[in-house]
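Residues per chain, in single letters:
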Amino acid sequence: MCLAIPGKIVELLHEDRDTAVIDVLGVRRRIDLGLLADDPPVTGDWVLIHVGFAMSKISEVDALDQLRMLTELGEQESAMEEVQGYGLGGP
Amino acid sequence: MRFVDEFRQPELITRTADEIRRLAGPDRHYRFMEVCGGHTHAIYRFGLMDLLPPNIELVHGPGCPVCVLPMGRIDDGLSIAEDPNVIFAAFGDMMRVPGTHGSPLEYKARGMDVRIVYSPSDALKLARNNPDKHVMFFAIGFETTAPSTALTLMRAKAEGLPNFSVFCNHVTIIPAIRAILDSPDMRIDAFIGPGHVSTVIGCRPYGWIASDAGKPIAVSGFEPLDVLQSIVMLLRQLKDGKAIVENNYKRVVPWEGNRAALKAIGEVFEIRPYFEWRGLGFISQSALRLKESYAQWDAEKRFSVPGIRVTDPKAAQCGEVLKGVLKPAQCKLFAKECTPEHPIGALMVSSEGSCAAYYSYAMRKSPELVQMSSV
């Protein structure tokens with residue numbers, strides 16, 4: 001649970017400014033940006049995601065490192081299961 | 001057993017491990033606690049103890065939210081799930097954690113409506129999609145997770161959603177560290193500070209650990225090099241007779257934390273006078289509950305909750321392992337009655353629990369031994 005998942009913001013939703021579509025290894029899901037209200041990310045930014053909420057902005061290099069580390073930790077599968085489950089499994 | 005050249009940046013890892021050996025003179029024993037379960041998982045997964053000299057001992061801390069939750073709270077939450085009108089929603093981590101009469105998954109098998117959600121906002125979505133049912137979200141987690149529950153509750157309130165509530169088990173890390181430092185049977189020389197909790201609370205709340213308790217602390221990332229560098233920082237501080245808070249995870253952790261997240265916590269939650277932790281007992285001001293202004297969404301107020309207190313199974317020594325008094329393999333049930341497939345205690349359920357982390361490390365290192373001991 002402590003291991004955050006890096007994702008790239010591919011779309012900011014106009015109808016709800018607190019929601020963005022992110023891409024994690026090709027899986028696209030909606031996440032909540034409400035916790036980054038003080039410094040909102042833009043399309044193309046990378047964020048660390050925890051339980052469906054963006055927790056912090058990170059650099060692309062750090063995001064790719066984090067993805068590699070999740071794989072090394074044997075956590076990639078459960079991380080992808082988590083991402084796929086966001087939004088009750090729908091995009 | 002991992003070999004150093006399997007790591008990324010092997011030369012840097014070797015150099016850091018050499019530096020650790022140089023700094024940790026053989027004349028004393030060091031006990032460093034990694035507070036966060038994510039670090040415990042990483043330490044075992046990467047076999048980092050194998051890179052440390054024998055006089056550096058890593059003690060696993062209380063930072064696994066599933067592990068520190070006493071069984072009575074699980075029983076209380078599940079008692080609400082027995083109401084046929086209730087959908088019990090929780091993270092996957094919770095699903096196999098045993099309560100007195102079974103885990104949430106076993107309750108589901110018995111016909112109760114138990115659902116896995118990956119985000120508190122999905123529990124809210126469940127409530128919107130099932131207006132004739134009541135959705136109760138069983139919330140667990142430290143300060144990393146509490147802001148997401150808080151924002152979800154703020155949205156429920158803004159919508160006036162009547163069929164949603166939260167059974168709040170959010171805990172806070174600082175009082176747990178204080179309890180560990182106050183405990184007479186624990187001697188910790190320094191702390192590897194949690195990574196993602198610190199993205200929310202920042203580094204300032206750890207100040208007293210250095211200034212009052214005189215213990216060095218380094219907030220750390222989860223990479224092998226992060227953890228080893230944090231150990232170097234702690235050893236240098238001890239060598240220089242210093243105790244300060246160092247941020248060794250600057251790429252993610254701002255010194256001041258995340259103000260929007262702290263604001264959400266402050267809007268929704270207040271501190272409980274005390275809360276029971278598995279292994280550590282009752283710790284004052286160590287957990288969060290919903291404020292009166294959110295009473296309508298507070299499962300503990302909406303439902304009659306029995307307030308069950310259960311002692312852990314006698315043979316299981318989860319408490320001692322949680323406090324770092326025993327190593328996982330020293331528990332009488334480890335790899336015998338208690339395995340990741342059939343966990344008796346919560347520390348064997350979550351991958352961040354020290355027993356599950358140690359079990360999978362030991363299986364990789366010498367499967368014959370683990371299998372023999374489980375016969």
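Note that this is a predicted model, so its numbers are computed, not measured.

J.: Teacher, can you tell me more about the overall build of chain B here?
T.: Helix and strand counts for chain B stand at 16 helices and 13 strands. Per-residue burial for chain B yields a buried fraction of 53% across its 375 residues. In chain B, the proportion of contacts linking residues at least 24 apart, taken out of those at least 6 apart, comes to 75%.

J.: So what exactly am I meant to see when it comes to the interface of chain B and chain A here?
T.: By a frequent convention, interface size equals the accessible area lost on bringing the separate parts together. On the chain A side, the residues contacting the 34 residues of chain B number 27 residues. Looking at the side of chain B that touches chain A, the elements that each hand over two or more residues are α2 (37-45), α6 (120-129), α7 (146-159), α9 (196-201) and α12 (259-268) of chain B. Taken together, the residues of the side of chain B that touches chain A break down into 14 nonpolar, 12 polar and eight charged.

J.: Is there a simple way to explain the domain arrangement of chain B in this structure?
T.: Residue and element names in this part refer to chain B. In terms of domains, chain B is made up of domain 1 (1-313) and domain 2 (318-373). One C-alpha centre belongs to domain 1, the other to domain 2, and the line joining them spans 19 Å. Counting residues at the interface gives 28 residues for domain 1, matched by 22 residues for domain 2. If you list the elements that add at least two residues to the side of domain 1 that touches domain 2, you get α2, β2 (56-63) and α3 (65-68). Here the side of domain 1 that touches domain 2 is composed, by residue class, of 15 nonpolar, eight polar and five charged.

J.: What is the right way to look at the sheet that holds strand β4 (residues 114-116) of chain B in this model?
T.: Across a sheet, strands are paired by hydrogen bonds formed along the backbone, either parallel or antiparallel in direction. All names here are of chain B. A sheet is described by the order of its strands in space; here four strands give the open sequence β4-β3-β5-β6, paired in parallel fashion. What marks the edges here is a single partner per strand, and that holds for β4 and β6 (164-170). Taken pair by pair, the neighbouring strands of this sheet meet at an average axis angle of 25°, ignoring direction. Where strand β3 (residues 86-90) meets β4, three bridges bridge the pair, whose relative direction is parallel. In the sheet register, Phe88 faces β4, and the bridge partner there is Val114. On top of the sheet, α6 reaches β3, β4, β5 (134-141) and β6; it is set at about 175° to β5, its chief contact. Its contacts with the sheet put α7 on β5 and β6, and the angle it makes with β6 is roughly 160°.

J.: For this particular structure, what's the right way to read the nonpolar core?
T.: Side chains that are nonpolar tend, in soluble globular proteins, to be buried together. Within the largest apolar cluster, 149 residues are counted, with the highest numbers of intra-cluster contacts made by Ile49 of chain A together with Phe32, Phe88, Ala89, Met136 and Phe138 of chain B. Shared between two domains, this core takes at least three residues from each, and those domains are domain 1 (1-313) and domain 2 (318-373) of chain B. Contact partners of Phe88 of chain B, with chain neighbours within four places excluded, come to Ile80, Ala81, Pro104, Met112, Asp113, Val114, Met136 and Phe138 of chain B.

Calculation rules
- Residue numbers restart at each chain and count upward from 1, following the sequence in its written direction.
- Throughout, the order in which chains and ligands are written sets their labels, letters from A for the former and numbers from 1 for the latter.
- Where totals are concerned, whole chains, interfaces and linings use all residues; where local detail is concerned, this predicted model gives features only for residues with pLDDT of at least 70, and gives and counts side-chain atom pairs only at 80 or more.
- The helix count covers DSSP runs of H or I at least four residues long, the strand count covers runs of E at least two residues long, and both are numbered beginning at the N terminus.
- Exposure is read from a count of other C-beta atoms within 10 Å of each residue's own; the residue is exposed at 12 or fewer, buried at 20 or more and partly exposed in between. C-beta atoms are placed from the backbone.
- Any pair of residues counts as being in contact when their C-beta atoms, constructed from backbone geometry, are within 7 Å of one another.
- Lys, Arg, Asp and Glu make up the charged group, whereas Ala, Val, Leu, Ile, Met, Phe, Trp, Tyr, Cys and Pro make up the nonpolar group; the residues left over, Gly among them, are polar.
- Each domain's limits were defined by an automated method or a database of domain assignments.
- For two strands to be treated as a pair, DSSP must find at least two bridges joining them.
- Angular values range over 0 to 180 degrees, each being the angle between N-to-C directions of two axes fitted as lines to C-alpha atoms, with helices fitted over their stretch in contact.
- Working definition: the nonpolar core is a set of buried Ala, Val, Leu, Ile, Met, Phe, Trp, Tyr and Cys residues, joined through C-beta atoms within 7 Å.

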